[in-house]
Amino acid sequence: MRAEPSPGLRAAPAARHGGVSGVHAGGYAGDHEGPHRFAAGPSRMPPVPGQHLPSGHAPRTRPYQKSQWTPWLYELVTELAYSSDILMQLDDVVSSTVSGPRVEEAMFRSIRWLDRCIAAHSQPSKQNLFAIIQGGLDPALRTKCLEEMSKRDVPGFAIGGLSGGEAKDHFWRMVALSTDHLPRSKPRYLMGVGYATDLVVCVALGCDMFDCVFPTRTARFGSALVPWGSLQLKNKQYAKDFRPIDENCHCPTCQRYSRAFLNALFRIDTAAMHHVTVHNIAYQLNLMRSIRESIIEQRFPEFVQNFMKTMYGNSDHYPQWATEALDSVGITLE
């Protein structure tokens, strides 16, 4: 989220129209690798050099009917079928709550696979291949991965393997460790992060780009994102509330529908989920736009102060991890 959403188009239809860029204008990042690996679980350890996917995850493109995912096949399918502006390397991602030899194994495998993806990447002038930093919550392993991957001349770097259930204190410290080691001249993309506070804090820590299912997933449960938190629109208290979700929001949902309408619609029609999804995406885009403008105008610390006050009200309610993370980069919350 920089703020261009990443599409989830199937390969074959997109390929017939020149890839993602051919069916919709704008810049896109394609991330089709780690989720397959992570979804497979520890019982699906890949043989080297290939990775066998669980049923249903194999690319539906002939002649590759066998479910073996190699860096070369991955690059071929991604480049020719999706034509995204940004490609993510094939990596071996493990849960952030896992520790021990498995984390080290995944880290070194990801480095090897990065080299193979670079070798297989045939359109570097048209598509940007990003490396994905692994290493879990182990500072030594993550530092090793950072040092090795930073030696590769790739257009950008993703920080992977986080936001998977680990304690926030561990989360922000690994983000800070990663941004401290990554080149400042290239984009730093923090994967899987979408909570508003996390976005603001991690921008302060040096991250440039994000992606997350949170705004759309939470919309399906009737949760609308607002600057002061969220509204649970299915709750009875909104049945007779005829205000928009956010009176300061200019999205189509807020311009056309009231909280009461959406409350009633959730009971009878899935269109309610779509309306709230539109609003939540607009909220995220507006948040990132405001962050970007505050940086350009050199008033980002002031923006952070106002954001936290609006989101939490009293400073006593500020998350301790966020306070400590911001303090580490010279933003002391009042």
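Look up a bit, the structure's there.
Residues numbered from 1 in each chain as written. Predicted model: local features only at pLDDT ≥ 70, side-chain atom pairs only at ≥ 80, totals over all residues. Heavy atoms only, no water.

Visitor: Please clarify how the pairing of strand 10 (residues 229–232) should be interpreted in this entry.
Guide: One face of the sheet, then the other: side chains in a regular strand alternate in exactly this way. Taken together, the four bridges between strand 9 (residues 223–226) and strand 10 define a ladder with antiparallel strand orientation. Across the sheet, residue valine 226 finds its bridge partner in strand 10, namely glycine 229. Where strand 9 folds back on strand 10, the antiparallel hairpin that results is connected by two residues. (Pairing = 2+ DSSP bridges. Helix = DSSP H or I, 4+ residues; strand = E, 2+ residues; numbered from the N terminus.)

Visitor: Looking at this model, I keep getting lost on the nonpolar core. Mind explaining?
Guide: Side chains that are nonpolar tend, in soluble globular proteins, to be buried together. Residues Phe171, Leu190, Phe210, Leu287, Val304 and Phe307 are the most contacted members of the largest nonpolar core, which totals 53 residues. The greatest single-element share of this core, amounting to seven residues, is contributed by helix 8 (residues 196–204). In terms of nonpolar packing, the next biggest core, distinct from the first, is built from 16 residues, Ala219, Leu231, Cys254 and Ala282 among them. (Core = buried A, V, L, I, M, F, W, Y, C linked by side-chain atoms within 4.5 Å. Buried < 20%, exposed > 50% of the residue type's maximum accessible area, 1.4 Å probe, protein only.)

Visitor: Can you help me understand the packing of aromatic side chains in this one?
Guide: Each aromatic ring pair is specified by the distance between its two centres and by the angle formed by the two planes. Within this structure, the stated rule accounts for six aromatic pairs. Measuring from centroid to centroid gives 6.4 Å for phenylalanine 300 and phenylalanine 303, while their planes differ by 15 degrees, and the two rings are stacked. Of this pair, phenylalanine 300 and phenylalanine 303 both sit in helix 13 (residues 300–312), three residues apart, which is roughly one turn of the helix. The same class applies to phenylalanine 300 and to phenylalanine 303, which are both buried. Taken together, Phe300, Phe303 and Phe307 form an aromatic cluster joined through their ring pairs. Over the ring of tryptophan 113 we find arginine 109; its NZ or CZ atom is 5.9 Å from the centre of that ring. The ring of phenylalanine 171 has lysine 168 sitting right over it, with the charged end atom 5.0 Å from the ring centre. (Phe/Tyr/Trp six-rings, centres within 6.5 Å; stacked < 30°, edge-to-face > 60°. Lys NZ or Arg CZ within 6 Å of the ring centre and 35° of its normal.)

Visitor: Explain the pattern of salt bridges to me, please; I cannot follow it from the model alone.
Guide: Two side chains of opposite charge can pair, provided their charged atoms sit close to one another. Tallying each qualifying case throughout the model produces 17 salt bridges. Where glutamate 297 meets arginine 299, a salt bridge forms, and the shortest distance between an N and an O atom there is 2.6 Å. The structure contains a network of salt bridges with shared partners spanning Asp115, Lys144, Glu148, Lys151 and Arg152. (Salt bridge = Lys/Arg side-chain N within 4 Å of Asp/Glu carboxyl O.)

Visitor: Please explain the packing of helix 8 against helix 14 (residues 320–328) as it appears in this structure.
Guide: Relative orientation and spacing of two packed helices are given, respectively, by the angle between their axes and the distance between those axes. Where helix 8 meets helix 14, the closest approach of the two axes is 9 Å, and the angle between their N-to-C directions is 20 degrees. Considered as vectors, helix 8 and helix 14 are oriented roughly parallel to each other. Our pair here, helix 8 against helix 14, has a crossing hand that is left-handed. Taken together, the residues of helix 14 that come into contact with helix 8 (itself represented by Thr197, Asp198, Val201 and Ala204) are Trp321, Ala322, Ala325 and Leu326. (Axes fitted to C-alpha atoms, helices over the stretch in contact; angles between N-to-C directions. Parallel < 35°, antiparallel > 145°, perpendicular 65-115°, else oblique. Left-handed = near helix turned anticlockwise from the far one by under 90°. Contact = heavy atoms within 4.5 Å.)

Visitor: How do you make sense of the environment of arginine 259 when you look at a structure like this?
Guide: Here arginine 259 lies in helix 11 (residues 259–265). For arginine 259, a relative accessible area of 5% translates into the label buried. In this structure the C-alpha to C-alpha distance between arginine 259 and leucine 233, which are 26 residues apart in sequence, comes to 6.7 Å. For arginine 259, the residues in contact, after removing those within four places along its chain, are Trp228, Leu231, Leu233, Tyr238, Asp241, Arg243, Pro244 and Ile245.

Visitor: What is the right way to look at the environment of aspartate 115 in this model?
Guide: Mapping aspartate 115 onto the fold places it in helix 5 (residues 101–120). Between the alpha carbons of aspartate 115 and glutamine 89 there is a distance of 9.2 Å; along the sequence they are 26 residues apart.

Visitor: What is the right way to read the state of the cysteines from this model?
Guide: Put plainly, a disulfide is one covalent bond tying together the sulfur atoms of two cysteines. With the rule as written, the count across this model stands at zero disulfides. Take cysteine 254: it sits in no disulfide, and the sulfur closest to it among the cysteines is that of cysteine 251, at 3.7 Å. Since its relative accessible area comes to 8%, cysteine 254 is described here as buried. (Disulfide = S-S within 2.5 Å.)

Visitor: Is there a simple way to think about the side chain of threonine 197 in this case?
Guide: Its location among the elements puts threonine 197 in helix 8. For threonine 197, a relative accessible area of 7% puts it in the buried group. Setting aside its immediate chain neighbours within four residues, threonine 197 contacts Phe307, Met308, Met311, Tyr312, Trp321 and Ala322.

Visitor: I would appreciate a short explanation of the side chain of threonine 277 in the present structure.
Guide: With respect to the helices and strands, the residue threonine 277 is situated in helix 12 (residues 271–296). For threonine 277, a relative accessible area of 17% puts it in the buried group. Among the polar contacts made by the side chain of threonine 277, one reaches the main-chain carbonyl oxygen of methionine 273 at a distance of 2.8 Å. Contacts of threonine 277, omitting those with residues within four sequence positions, involve Thr216 and Ala219. (Polar contact = N/O pair within 3.5 Å; in protein donor to acceptor, adjacent residues only side chain to side chain.)

Visitor: Quick question: what am I supposed to make of the packing of helix 8 against helix 12 here?
Guide: Orientation of helix 8 relative to helix 12, taken along the N-to-C sense of each, is 20 degrees, at an axis distance of 11 Å. By the angle between their directions, the pair helix 8 and helix 12 is classed as roughly parallel. When the axes of helix 8 and helix 12 are compared, the crossing they make is right-handed. From helix 8, Ala196, Leu199, Val200 and Val203 reach across to helix 12, where they touch Tyr283, Gln284, Leu287, Met288, Ile291 and Ile295. Here the contact of helix 8 with helix 12 is built from residues that sort into nine nonpolar, one polar and no charged. (Nonpolar A, V, L, I, M, F, W, Y, C, P; charged D, E, K, R; others polar.)

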